[in-house]
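The lines below spell out each chain.
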Amino acid sequence: MASRRRYGLYGVLVVLFLAHNDLWYWRDARLVLGLPVGLLYHVVYCLVVAVVLAAAVYLGAPEPATPHRDHDDA
Amino acid sequence: MVTTIVLAYLLVVLAIGTLSHRLFRGTSEDYFVASRTIGPIVLLMTLFGTNMTAFAVLGASGEAYHVGIGVFSLVGSAAALINPVIFLFVGTRLWRLGRRHGYLTQVGLFRDRWESRSLGLLLFVALVGLIIPYLLIGVMGAGLSLEAITDGAIPRWAGSLVVCAVVLAYVWSGGLRGTAWVNTFQTSVFMSLGIVTFAVIVDKLGGLTTAMALVAATTPDLLIRGDAITPWQFLTYTCIPLSVGMMPHMFMHWLSARSAETFRLSVVAFPICLAVVWLPSVLLGVLGRIDFPDLEGTAANSVLIEMVGHYAPGVLGGLLAAGVCAAIMSSLDSQSLSLGTMFTEDIVRHYAAGHRWSERHQIRLGRAFVGVVLAVTFVLAQILDQSIFALAIWSFSGLAALFPLVAAALFWRRSTRQGAIACVVCAVSSWVYFLLRSGGDPGYTLGEAGVMPVVVMVAISTAALIGVSLITPPPGPRAIEKFFGSVGCRSV
């Protein structure tokens, strides 16, 4: 289960990396909500990254901190 | 008015730094990593503030003035993904090792990891050499912006000198705790002032839609990436944020965390903070073309200041100057302190091991080195005339080329000291080669496809690390057990 979650997280991060390269908006100068669509896409992208990382950190992906181990080390 | 606001701001900063000294425990661990007691909010603000400098405020708007909105995605949103991922996978592991084995610097950790003093010395020289351009960004940006905002009342040299002196004062008294506290305040200041400045100027321009429609009518190329950025350049630029994994000042702040759990907020909120700072900077750079269409080259670094002077002089101008100082000092302090820590721990303490240095003596040495670093940077800033964006990109590229080192230290047991040394030598050599070949041009790319040199530098240093490690004897069990055993970096 833990390894499935881990690989799931890696997969989502790879998708996010690929999604950063938005060739489809390269020459699109349309204004959406007052912003060029190519810029708006990347603002939304930042928010999506935050949501994914929040899920990873707070909803039990294997990598985030485990406080009880910190105390074990002390 | 502007000068008064800036001076008042600097006094507040000094007061916070001095206040933090009350909690000082008198030990070198407390001075250099705040006894590893920093909580989540301060960690987020200090990591973010340290990472954002004149590069984000002046450099981004200056570059957007020339290139357009693509600057946000090229640097900003790429860092929004890469940086927090590095915090999560690298930062927390380094924190655990630092806490368990008492490390204060990267050099100390890598020296132990591969049991090599030569590697430690080589890395010290490489990191100092790569951080100096980064320090210059701050000192030059401070002088430039204060001179522009005060219409020359504060000359460039005086602005740089004042900022260096204030940073030295609070780093001297507060160490890393003072730096973290001041950074928290400063990051709040420059984030909120960025938003306010943007709102005021856009309102004066008739609203965002009207202003952008004006840009679309006059300089539509600024609203797309178009030919200003090639897809290969865009893709290979994503290697540059890898530099975060090897920045000495980020490492130092990671070690100051109270627990691994403390990193959570930084991981999640970093992309949002980045958007909050970069969006106004980039948009104001683009909008600057409406009223100031003739800024050439590095003159575009002051486009933000020109716009504030034009649309909202007086109080907002003073507040913007304070915000720029905040962004600059929040990086300058950590960078200079990290160099002071490395000098004290990795050179003086390590090479004079027979000498019994008292805690007080170590702290004094660290402070003295911070002073020397700031003095040298100040002098260099008066001599050089270089684009802030160019300096930052080349500094980041060199640090990114060293990223395979930290990755191997944490994730590859078979890596050897010879491989690690080859990695550093190749990273530095390729950096020097491309820097000389490009003449310092940040837009320099390989061939017509637009491949950034950083990707070649990372590939070369990685190949050297892997190749040399595989043909040299595997490392002994002691370091492996220390780093990958039950209390090592196996899991966080």
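## So, the overall build of chain A
Working step 1: Of the regular secondary structure elements, chain A holds 3 helices and 2 strands.
Working step 2: If you list the helices and strands of chain A from N to C, you get α-β-β-α-α.
Working step 3: Burial status across chain A gives 45% buried among its 74 residues.
Working step 4: Taking contacts inside chain A between residues at least 6 apart in sequence as the whole, the part at least 24 apart equals 51%.
Working step 5: Carbon together with sulfur atoms contributes 69% to the accessible area of chain A, which is approximately 4,000 Å² in total.

## Quick look at the interface of chain B and chain A
Working step 1: On the chain A side, the residues contacting the 47 residues of chain B number 41 residues.
Working step 2: At the boundary of chain B with chain A, total buried surface from both sides reaches about 4,100 Å², with 68% on carbon and sulfur atoms.
Working step 3: Looking only at chain B, the three residues that lose the most surface to chain A are Leu81(B), Arg225(B) and Arg264(B), adding up to 16% of its buried area.
Working step 4: Scanning the region where chain B abuts chain A turns up 2 salt bridges.

## Some details on the packing of aromatic side chains
Residue and element names in this part refer to chain B.
Working step 1: What the rule picks out here adds up to 15 aromatic pairs over all chains.
Working step 2: Judged by centre distance (5.2 Å) and plane angle (70 degrees), the rings of Tyr-433 and Phe-434 are edge-to-face.
Working step 3: On the basis of relative accessible area, Phe-434 is assigned to the buried category, the value being 6%.
Working step 4: Members of the aromatic cluster, each reached through a chain of ring pairs, are Phe-48, Phe-87, Phe-190, Trp-254 and Phe-270.
Working step 5: It is Arg-225 that lies over the ring of Phe-234; its NZ or CZ is 5.1 Å from the centre.
Working step 6: For Arg-289, the ring lying beneath its charged end belongs to Tyr-65, and the centroid distance is 5.2 Å.

## Here we look at the packing of helix α2 (residues 37-58) of chain A against helix α12 (residues 263-291) of chain B
Working step 1: It is at 7 Å that the axes of α2(A) and α12(B) come closest, and there the two elements cross at 170 degrees. Classed by the angle they form, the pair α2(A) and α12(B) counts as roughly antiparallel. In this structure, α2(A) contributes Leu39(A), Val43(A), Cys46(A), Leu47(A), Val49(A), Ala50(A), Leu53(A), Ala54(A), Val57(A) and Tyr58(A) to the contact, and α12(B) contributes Arg264(B), Leu265(B), Val267(B), Val268(B), Pro271(B), Ile272(B), Ala275(B), Leu279(B) and Leu283(B).

## Description of the environment of His66(B)
Working step 1: Tracing the sequence through the fold places His66(B) in helix α4 (residues 54-67).
Working step 2: When sequence neighbours within four positions are dropped, the list of residues in contact with His66(B) reads Leu222(B), Arg289(B), Leu295(B), Glu296(B), Gly297(B) and Ala300(B).

## Remarks on the nonpolar core
Here is a general trend for soluble globular proteins: nonpolar side chains tend to be buried in one another's company.
All names here are of chain B.
Working step 1: Membership of the largest hydrophobic core comes to 195 residues, with the highest contact counts inside it found for Phe-110, Trp-254, Trp-278 and Met-329.
Working step 2: Tallying contributions element by element places helix α7 (residues 117-149) first for this core, with 18 residues.
Working step 3: If near-sequence neighbours (up to four positions away) are discounted, Met-329 is found in contact with Tyr-9, Leu-10, Val-13, Val-163, Val-166, Val-167, Tyr-170, Asn-183 and Gln-186.

## Section: the environment of Gly288(B)
Residues and elements named next belong to chain B.
Working step 1: Turning to its location among the elements, Gly-288 is positioned in helix α12.
Working step 2: The sequence separation of Gly-288 and Thr-341 amounts to 53 residues, and the corresponding C-alpha distance is 41 Å.
Working step 3: For Gly-288, the residues in contact, after removing those within four places along its chain, are Tyr-65, Pro-293, Val-303 and Met-307.

## Describing the side chain of Ser461(B)
Residue and element names in this part refer to chain B.
Working step 1: Mapping Ser-461 onto the fold places it in helix α19 (residues 453-471).
Working step 2: Residue classification places Ser-461 among the buried positions, given a relative accessible area of 0%.
Working step 3: A polar atom in the side chain of Ser-461 sits 2.6 Å from the backbone oxygen of Ala-401.
Working step 4: Once residues within four sequence positions are removed from consideration, Ser-461 is found in contact with Ala-401, Pro-404, Cys-423, Cys-426 and Ala-427.

## Observations concerning the layout of surface pockets
Working step 1: By volume, the largest pocket is sized at about 360 Å³.
Working step 2: Lining the largest pocket are 13 residues; nearest its centre among them are Leu13(A), Phe17(A), Leu81(B), Ile82(B) and Val85(B).
Working step 3: Of all the elements in the fold, those that place two or more residues in the lining of the largest pocket are α1 (2-20) of chain A together with α5 (70-101) and α17 (403-411) of chain B.
Working step 4: Counting residues per element, the lining of the largest pocket draws most heavily on α5(B), which supplies 5 residues.
Working step 5: The class makeup of the residues in the lining of the largest pocket is 12 nonpolar, 1 polar and no charged.

## Focus: the packing of helix α8 (residues 156-204) of chain B against helix α13 (residues 303-311) of chain B
Residue and element names in this part refer to chain B.
Working step 1: Across the interface, α8 lies against α13 with an axial gap of 10 Å and an inter-helix angle of 60 degrees. Overall, the two elements α8 and α13 adopt an arrangement that is oblique. α8 and α13 meet at a crossing whose hand is left-handed. Within the contact between the two elements, α8 uses Thr-197, Ile-201 and Lys-204 and α13 uses Met-307, Val-308 and Tyr-311.
Working step 2: A breakdown of the residues in the contact of α8 with α13 according to their chemical character gives 4 nonpolar, 1 polar and 1 charged.

The rules behind the values
- Residues numbered from 1 in each chain as written.
- Chains lettered and ligands numbered in written order.
- Predicted model: local features only at pLDDT ≥ 70, side-chain atom pairs only at ≥ 80, totals over all residues.
- Heavy atoms only, no water.
- Helix = DSSP H or I, 4+ residues; strand = E, 2+ residues; numbered from the N terminus.
- Buried < 20%, exposed > 50% of the residue type's maximum accessible area, 1.4 Å probe, protein only.
- Contact = heavy atoms within 4.5 Å.
- Areas by Shrake-Rupley, 256 points an atom, 1.4 Å probe, with all protein chains shown as cover.
- Buried area = accessible area lost by both parts, 1.4 Å probe.
- Salt bridge = Lys/Arg side-chain N within 4 Å of Asp/Glu carboxyl O.
- Phe/Tyr/Trp six-rings, centres within 6.5 Å; stacked < 30°, edge-to-face > 60°.
- Lys NZ or Arg CZ within 6 Å of the ring centre and 35° of its normal.
- Axes fitted to C-alpha atoms, helices over the stretch in contact; angles between N-to-C directions.
- Parallel < 35°, antiparallel > 145°, perpendicular 65-115°, else oblique.
- Core = buried A, V, L, I, M, F, W, Y, C linked by side-chain atoms within 4.5 Å.
- Polar contact = N/O pair within 3.5 Å; in protein donor to acceptor, adjacent residues only side chain to side chain.
- 1 Å grid on protein atoms, 1.4 Å probe; cavity = no way out; pocket = protein on both sides within 12 Å on 5 of 7 lines; lining within 4 Å.
- Points joined across faces, edges and corners; volume = space filled by probe spheres on them.
- Nonpolar A, V, L, I, M, F, W, Y, C, P; charged D, E, K, R; others polar.
- Left-handed = near helix turned anticlockwise from the far one by under 90°.

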